Structure formats: C-alpha cells, structure tokens
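Each chain, written out:
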Protein chains: 2
Amino acid sequence: MNQVEVCFSPLLFEEFAKPNSIVVVVDVFRATSAIVTALHYGAKSFIPVSTIEEARELGKQGFLAGGERNGEVVEGFEFGNSPFSYMNDRIKGREIALTTTNGTRAINIAAKSADTVLIGSFLNLQALADYIQEQGKDVVVFCSGWKNRFNMEDSLFAGALTNLLLTSGKFKSDCDSANASSLVYRTGRKNLMSFLESCSHRKRLGHLNLEKDVEYCLQRDITDVIPVLKDGKLVRLN
Amino acid sequence: MNQVEVCFSPLLFEEFAKPNSIVVVVDVFRATSAIVTALHYGAKSFIPVSTIEEARELGKQGFLAGGERNGEVVEGFEFGNSPFSYMNDRIKGREIALTTTNGTRAINIAAKSADTVLIGSFLNLQALADYIQEQGKDVVVFCSGWKNRFNMEDSLFAGALTNLLLTSGKFKSDCDSANASSLVYRTGRKNLMSFLESCSHRKRLGHLNLEKDVEYCLQRDITDVIPVLKDGKLVRLN
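As a starting point, this report considers the structure included with it.

Parameters and conventions
Residues numbered from 1 in each chain as written. Chains lettered and ligands numbered in written order. Predicted model: local features only at pLDDT ≥ 70, side-chain atom pairs only at ≥ 80, totals over all residues. Helix = DSSP H or I, 4+ residues; strand = E, 2+ residues; numbered from the N terminus. Buried ≥ 20, exposed ≤ 12 C-beta atoms within 10 Å, placed from the backbone. Contact = placed C-beta atoms within 7 Å. Nonpolar A, V, L, I, M, F, W, Y, C, P; charged D, E, K, R; others polar. Axes fitted to C-alpha atoms, helices over the stretch in contact; angles between N-to-C directions. Parallel < 35°, antiparallel > 145°, perpendicular 65-115°, else oblique. Core = buried A, V, L, I, M, F, W, Y, C linked by C-beta atoms within 7 Å. Least-squares fit on C-alpha atoms with pLDDT ≥ 70 in both. Pairing = 2+ DSSP bridges.

What chain A contains, in helices and strands, is nine helices and eleven strands. For chain A, buried positions account for 54% of its 238 residues. Taking the contacts inside chain A whose residues are at least 6 apart along the sequence as the reference set, 78% of them involve residues at least 24 apart.

Structure, rendered in structure tokens:
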C-alpha cells in the first residue's frame, strides 16, 4: 500500500520531501484553481516564478504575465489569480508567466525535490485521484497555505483527496496531518461555502469582493485537466 | 477581545511570535505532561535544555537529569519523560535538567521571543484557561508536534484550550489552525483515547508499551499547577 501524507505549509515541506513520490500542490484560493482553469480553456503552459520582476521580464519576452500579491492583481499586470480572467480566447495556445503570494512559491519549492509535481484543485479533484491511484507511488498533498500558515481551504482539499485515495484501498495514512484534514473535510463537505464562513482567509477574500471566485473554486470536478510540471513549465498531462 | 492562535510545529513558530502575548507550549505525549506532574509532586524546577550533553553536564553539577529521544529514556539518565517516573519523594525540592525530542526544544524556541511561556497539558487544562482569561493578552498555543510535524494529540489539546477561551467570551480567533484544532477536539472529545487510535504517534507509543502513560496524559484537570518559565527555569506560577 502507498502512503498519503499532507504538508500544511511551505515551511514544513522539507520534512515531506522524498524521491519517487508524487507531490500535489494546492492553493484553492486561487492560484491552482486558476492554473487548472486556464489549461482547461486552452492555455499552453504556465511558468511559475517567484518574483514580480521575473514575471515582468518574461512579459517583455512575449509571454502573457500574471502577478498577484495579497489577493490583488499587481499593477502593470494583465492577469492575477482569478480563474475568470483566464476564461477567454486571448489565452489560447499562450504561455503565461505567473507569480502569486503562496501558490507559485509552493510549486517552486516542490520542484526542487519531487520527481512529479501535479496541480490540484476542487475543479479537477476526481481526475487527479483517478490518475494517482494508477501510479503506485506515495503521495504528498502540499498545501500552499497563507503566508506560511495553515489555511482551511487547502486542508479541505487535502482531506477530500486523502479520502478518495484511502477509499480506493490502495493507500494508507500514518500521517496525522492527513487524518486531521480528512476529518475536517468530512465535517465540512456538505456545504464547503458555509463551512468556510468561519475562517479568516475566507473573510479576507470576502473583503476583496471575491465571492464569485470563491464559489467557482469550490466547485468539484468540472474538468479532467491535470497540470504537471515539465522542464519548469506546467502543461496538461492529458 | 484577545486573539487565540495555534501553531502546529516548531518550524512555524516564527510566524506567530509577537511581544506581549502568552505562549502555551504543549507536548501531550509526554514532556509537558511530565513537567506538570513533577511540579505537582513537589519538584522545585525544570531546566529545559536542547542537548543530551547539556543535561548530562547539569547532572554532574547536582541537578537531577532527564533525557528522552524517540520515546525512550537516554542511556545513563535516571529520568525520561514518563510522568510516572516523577511520582516519588526523590524529586521533592529538586531541580531537574530535561531534554526531550520535541517538548523542551519547543520551550526553548518560545523562550526566545515570548514574555510569558506557560506549560500546558490536559492535566492542568482548566487551571490554565482560568488563568489566561484574567490576563487580557493574546495567546498562542504552541504544539511541539513530532519531529517538526503536526501531531494529533497536541492539536487536540490546542483545540480544547481554544474552545474554553472562545466560550469565555473574552477571546476570538481569526486563525484557521485554531479553528481546525477546535473542530478536531469537538469531534474527538467524547473519547480521546479511541479517537487517537487512528493516529500514527499514538500507534508508535503503543509499540513502546506506553498505554499507561497515554491513559494518564489524557486525563483532564487533575491539578491546578501551572508551570511558567522564569529566568530559564520552569517553576510553579501558583
């Protein structure tokens, strides 16, 4: 049986890094939901970069450029991490350089040690779980969190994926973080939106008038697209 | 209203450190349960040290010396972190140098930035909550975890303390870790022992034949003793 583990923060990832395992990076609100959406709508690839300067530089070289800090689009950038901004013809076939507060940072940390880095969100949850079950490898769900802290929405996703993998009978979990995430998900799954009402990040997004984004990102299984990191770029696996 | 926050790992503590807040360090299995027990049974103080060498050196200087690594007493030491080893007359009035895998390390990390460091366990939970409610300060519950990872038993304690503080009406929580801990505690509180059956650390302790210790450490409110860090030593606050 393979192991499923959950890492709650970029600061903890070194404790989970091991060769030959699959790492699923998640930033539900909103980087990984946006990446899944953009690839579903026809974008060719994402280059996750850590700094605004890098994204800007790639923008000058002909890439589309996205930049988000603290939930808002960085000045001078066309795209942030709202999934809705990627639902148009302009992104079709294009490569997008993206930097965000939490998500792209986690992707780049995972890339340093993992052979396989996949991108997760509620939008492609079942497709991810189906693919992972066929690989016969251990899995780490890497929650991007919020500025190095645990956050509720990413651990809800981690719990949902953990549940699916454990139910398959091909996975076990000796990881307390995975078991706690699974518990939190089972408590909240009937209504993720109202469950998140009590959480700080959810409130913060509320202040930014992102109700529509939040509602979109909590939808389950609207696409089969699985982004995978290949040579520094996130492309469609399938 | 004051804030209650929960830190899941020593690697995350820098994100929570702020002046004027109270930090409650917990390592349910078993360092902080042992410290509370020893002070209850008449020990004068604990000196939390990070290395086995430091504890050994203080042992030569007339202190009692305790050392635990990976759940077992270090060779050459009289005491480990089993609460039962401190329930005797030999410790009365004595000062004890202690180093453990997780707990004493967390105490020393907290000491670097916090004005007030208290020691928590289920054994002194209500006394702690009562004291904290009178202070008018923000609180961080610092879970020692297991080798830098989240663990279930420390977050159960964090959830229990969070619940008591929120119920008092003097505290609020914008911290997702605190809210998740509270949820986990509310799910498991009817039978902490059977709830923990599914957790890795609990299983590990089972392998070490520590059933008796585990059962003891999960008892609630058997003492009013609150250990506080003063000049590098943990002494009774009350």
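So, next bit.
Let us now look at the interface of chain A and chain B. A common measure of how large an interface is: the accessible area buried when the components associate. In this complex, chain A contributes 24 residues to the contact, which on the side of chain B involves 24 residues. At the level of secondary structure, the elements contributing two or more residues to the side of chain A that touches chain B comprise α5 (152–167), α6 (176–188) and α8 (200–207) of chain A. When the residues that make up the side of chain A that touches chain B are grouped by side-chain class, the tally is ten nonpolar, ten polar and four charged.

The subject of this paragraph is the packing of α6(A) against helix α6 (residues 176–188) of chain B. Remark: α6(A) packs on α6(B), axes separated minimally by 10 Å, with the N-to-C direction vectors making an angle of 80°. Between α6(A) and α6(B), the angle falls in the class roughly perpendicular. On the side of α6(A), the interface is formed by A:A180, A:L183, A:V184 and A:T187, while α6(B) contributes B:A180, B:L183, B:V184 and B:T187. Residues that form the contact of α6(A) with α6(B) fall into these classes: six nonpolar, two polar and no charged.

This part is about the nonpolar core. Most often, soluble globular proteins keep nonpolar side chains buried together rather than apart. The biggest cluster of nonpolar side chains holds 156 residues, and the ones touching the most others in it are A:V24, A:F142, B:V24 and B:F142. Those residues in contact with B:F142, other than ones at most four positions away along the chain, are B:C7, B:F13, B:V23, B:V24, B:V25, B:V26, B:A106 and B:A110.

The next thing to look at is the relation of the copies chain A and chain B. Superposing chain A onto chain B takes a rotation of 180° combined with a translation of 0.0 Å along the rotation axis, leaving an RMSD of 0.0 Å. What the rotation and shift describe, once combined, is the action of a two-fold rotation axis. Residue A:L11, judged by its C-alpha, is the member of chain A lying nearest the rotation axis, at 3.3 Å. A share of 100% of the interface residues of chain A reappears at the interface of chain B, consistent with the copies meeting face to face through the same patch.

What follows is about the pairing of strand β4 (residues 64–69) of chain A. All names here are of chain A. The element β4 is extensively covered by neighbouring structure, given that five of its six residues are classed as buried. In this structure, β4 lies alongside strand β6 (residues 95–99), joined through four bridges in parallel fashion. Bridging across to β6, A65 finds its partner in A97. Summarising the sheet, β4 and strand β5 (residues 72–73) pair through two bridges and their orientation is antiparallel. Considered in β5, the bridge of E68 is made with V73. Between β4 and β5, which pair antiparallel one after the other, the connecting turn spans two residues, and N70 there sits at a positive phi close to 55°.

Residue and element names in this part refer to chain B. Interhelical geometry of helix α5 (residues 152–167) versus α6 gives an angle of 100° and a closest axis separation of 7 Å. By the criterion of interaxial angle, the relationship of α5 to α6 is roughly perpendicular. Of α6, the residues touching α5 (which contributes S155, L156, A158, G159, A160, T162 and N163) are A178, S181, S182, V184, Y185 and G188.

Turning our attention to the pairing of strand β7 (residues 116–120) of chain B. Residue and element names in this part refer to chain B. Of all the five residues making up β7, four are buried; the element is thus mostly covered by neighbouring parts of the structure. Alignment of strand β2 (residues 22–26) against β7, held across five bridges, turns out to be parallel. If you follow V24 over to β7, its bridge partner there is L118.

Once that is clear, we can look at helix α1 (residues 31–40) of chain A. Where burial is concerned, most of α1(A) is hidden: nine out of the ten residues are buried. Remark: A:G42 follows α1(A) within two positions and exhibits a positive phi of approximately 110°.

The residue B:G136 is located in the loop between α4 (125–133) and β8 (139–143) in this model. Taking the C-alpha atoms as reference points, B:G136 and B:Q3, 133 residues apart in sequence, are found 9.8 Å from one another.

What follows covers the environment of A:A127. All names here are of chain A. Relative to the elements of secondary structure, A127 occurs in helix α4 (residues 125–133). Taking C-alpha positions, A127 is 7.5 Å from D221, a pair spaced 94 residues apart along the chain. Contact partners of A127, with chain neighbours within four places excluded, come to D224 and I226.

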